[in-house]
Amino acid sequence: MNQTNPIVCTVDLTRPGRNHGYLQVPHSVHRSAYGVIPVPVGSIVGAADGQNVFLMAGNHGDEYEGQVILSELLRTLDPGQVNGRITIVPMANFPAAEAGLRTSPIDQVNMNRIFPGAPRGTPTLMIANYIEEVLMEGVDLFLDLHSGGSSFLCVPHGMTLRYDGDPHADMRRKVVDEIGVSCLLYGPPDPDEWYSTSAAHRKGAAGFTLELGGAGTVDPAIRRGAQAGLLRALAAVGAYTGPTTDDRLFEKTLEAEKEAMVFADEPGLYEPMVQAGTAVKAGQVAARVHFPETPGKPPLEVRFDEGGFVLARRQPARVIRGDSLFHMAVI
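Residues numbered from 1 in each chain as written. Predicted model: local features only at pLDDT ≥ 70, side-chain atom pairs only at ≥ 80, totals over all residues. Heavy atoms only, no water.

(A) Seen up close, helix 4 (residues 169-179). Turning to helix 4, its buried residues are Met 171, Arg 172, Val 175, Val 176 and Ile 179. For helix 4, the angular spread of buried residues about the axis comes to 135 degrees, placing them on one side. Just beyond helix 4, the residue with positive phi is Gly 180, at close to 75 degrees. (Buried < 20%, exposed > 50% of the residue type's maximum accessible area, 1.4 Å probe, protein only. Helix = DSSP H or I, 4+ residues; strand = E, 2+ residues; numbered from the N terminus. Arc of directions from axis to C-beta.)

Dropping the structure here:
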């Protein structure tokens, strides 16, 4: 049986000009029998034909940089300087974003692990399904703005696809050249993957994930540089004709096709020995895990198995076995 998604959009996102509204997600609970979850949404539609762009943040609720950037763009972009349509969802998993949590406090679901969702599932699954099946329809370029959230601090970097016969290869290259991040990780498409960029690929769009800082805060320099890079990328693909600046986070973008993680082997207090944005060698000490609850026990050294570039490091010192300490590009 084909099921339709019950989410209602309160605004016509195709109407010329600036449009603000909500995605009303049905949510019947004790305090509100016929309530809805109001997911903010908007669009900037220009008079001239052009690209159909979809910008999203708040996929993880404790990642704030993208929420700030997209809220500002939704408020300030001039429709007269837009070719085509730019759809903006600044707080995609609204319950998680409102609570400042990575996952939704309603259903405990990580939105970026469940695309394409389900039209009659829990709230997070319904939102993911609406994003993929409705908002991504006809989109040319999709950018999902993330960061390290509460548990990680990222040097600004990104991820996208690379494969033979990519119809968006030229557009992808223009975005890479203009966005100004430290590193781009490339991977092959997988039609069964559960990420937002996988959803974009299934719908025929060029998708990017951008990781912009983190540590549970908003760094003004990262926010400014990322917003400037986003506007340059939109201009490069012909979606934006307004002013841009050359305020780049990084002058050169490394490119890699392999990534690796470093995990804690024991519970304790983790002391990072390198920072995000650092080049490292195989065998180099990555961190020490201390055991103050066991007097006399020496710290455990954690080493990098491979050399490369550190994209992100864990933020809280308290760790348990299996916590990720570092994310790196293998170069």
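(B) Looking closely at helix 1 (residues 65-76). Relative to the 16 Å expected for twelve residues at 1.5 Å per residue, helix 1 spans 17 Å between its end C-alpha atoms, a close match to the ideal helical length. Along helix 1, the residues that are buried comprise Glu 65, Gly 66, Gln 67, Ile 69, Leu 70, Leu 73 and Leu 74. (Expected span 1.5 Å × (residues − 1).)

(C) Structural detail: the environment of Thr 253. With respect to the helices and strands, Thr 253 occurs in the loop between helix 6 (220-236) and strand 11 (254-256). A relative accessible area of 18% places Thr 253 in the buried class. Separated by 77 residues in the primary sequence, Thr 253 and Val 176 place their C-alpha atoms 8.0 Å from one another. Excluding residues within four positions of it along the chain, Thr 253 makes contact with Val 176, Gly 180, Val 181, Ser 182, Cys 183 and Leu 184. At a separation of 2.8 Å, a polar atom in the side chain of Thr 253 contacts the main-chain carbonyl oxygen of Val 181. (Contact = heavy atoms within 4.5 Å. Polar contact = N/O pair within 3.5 Å; in protein donor to acceptor, adjacent residues only side chain to side chain.)

(D) Broad picture of the environment of Ile 44. Tracing the backbone through its elements, the reader meets Ile 44 in strand 3 (residues 36-45). Owing to a relative accessible area of 0%, Ile 44 belongs among the buried residues under this scheme. Once the C-alpha coordinates of Ile 44 and His 20 are considered, the two residues, 24 residues apart in sequence, prove to be 9.1 Å apart.

(E) Structural detail: the nonpolar core. Counting residues in hydrophobic clusters, the biggest one holds 35 residues, and the most contacted among them are Leu 55, Leu 70, Leu 73, Leu 141, Leu 143 and Leu 145. Elements that contribute at least two residues to this core include exactly strand 4 (48-57), helix 1, strand 5 (83-89), strand 6 (141-146), helix 4, strand 9 (183-187), strand 10 (206-211) and helix 6. When residues of this core are assigned to their parent elements, the largest contribution, six residues, is made by helix 6. In this structure Leu 143 touches Phe 54, Leu 55, Met 56, Val 175, Phe 208, Leu 210 and Leu 230, once residues within four positions along its chain are discounted. Counting residues in each nonpolar core, the second largest holds 29 residues, with Val 11, Leu 23, Phe 54 and Phe 115 among its members. (Core = buried A, V, L, I, M, F, W, Y, C linked by side-chain atoms within 4.5 Å.)

(F) Representation of the pairing of strand 5 within the structure. For strand 5, the tally of buried residues reaches six of seven residues, placing the bulk of the element in the interior. One ladder, built from seven bridges, connects strand 4 with strand 5; its direction is parallel. Across the sheet, residue Leu 55 finds its bridge partner in strand 5, namely Ile 88. As for the winding sense of the linkage, the β-α-β connection from strand 4 through helix 1 to strand 5 is right-handed. (Pairing = 2+ DSSP bridges. Right-handed = clockwise from strand over helix to strand, strands pointing away.)

(G) The sheet that holds strand 2 (residues 17-26), seen in detail. Strands sit in the order 1-2-3-5-4-6-10-8-9-11 across an open sheet of ten strands; the sheet is mixed. Edge positions in the sheet fall to strand 1 (8-9) and strand 11, since each has one partner strand and no second. The pairing of strand 8 (residues 157-161) with strand 10 spans four bridges and is classified as antiparallel. Bridge pairing in strand 10 links Met 159 to Thr 209.

(H) Quick look at the packing of aromatic side chains. Within the structure shown, the criterion is met by four aromatic pairs. Relative to Phe 142, the ring of Phe 54 has its centre 5.2 Å away and its plane inclined at 55 degrees; by these criteria the two rings are tilted. With Phe 54 in strand 4 and Phe 142 in strand 6, this pair connects stretches of sequence that are 88 residues apart. Looking at Phe 54, the relative accessible area reads 0%, which means it is buried. With 6.3 Å between their ring centres and 85 degrees between their planes, Trp 194 and Tyr 195 make a pair best called edge-to-face. (Phe/Tyr/Trp six-rings, centres within 6.5 Å; stacked < 30°, edge-to-face > 60°.)

(I) Structural detail: the pairing of strand 19 (residues 324-330). In terms of burial, strand 19 is a largely internal element, six of the seven residues being buried. Both strand 12 (residues 259-263) and strand 19 contribute to a ladder of five bridges, which runs antiparallel. Bridge pairing links Ala 260 to Met 328 in strand 19. Sheet topology places strand 17 (residues 308-314) next to strand 19; five bridges connect them, and they run antiparallel. The partner of Gly 308 across the bridge, within strand 19, is Val 330.

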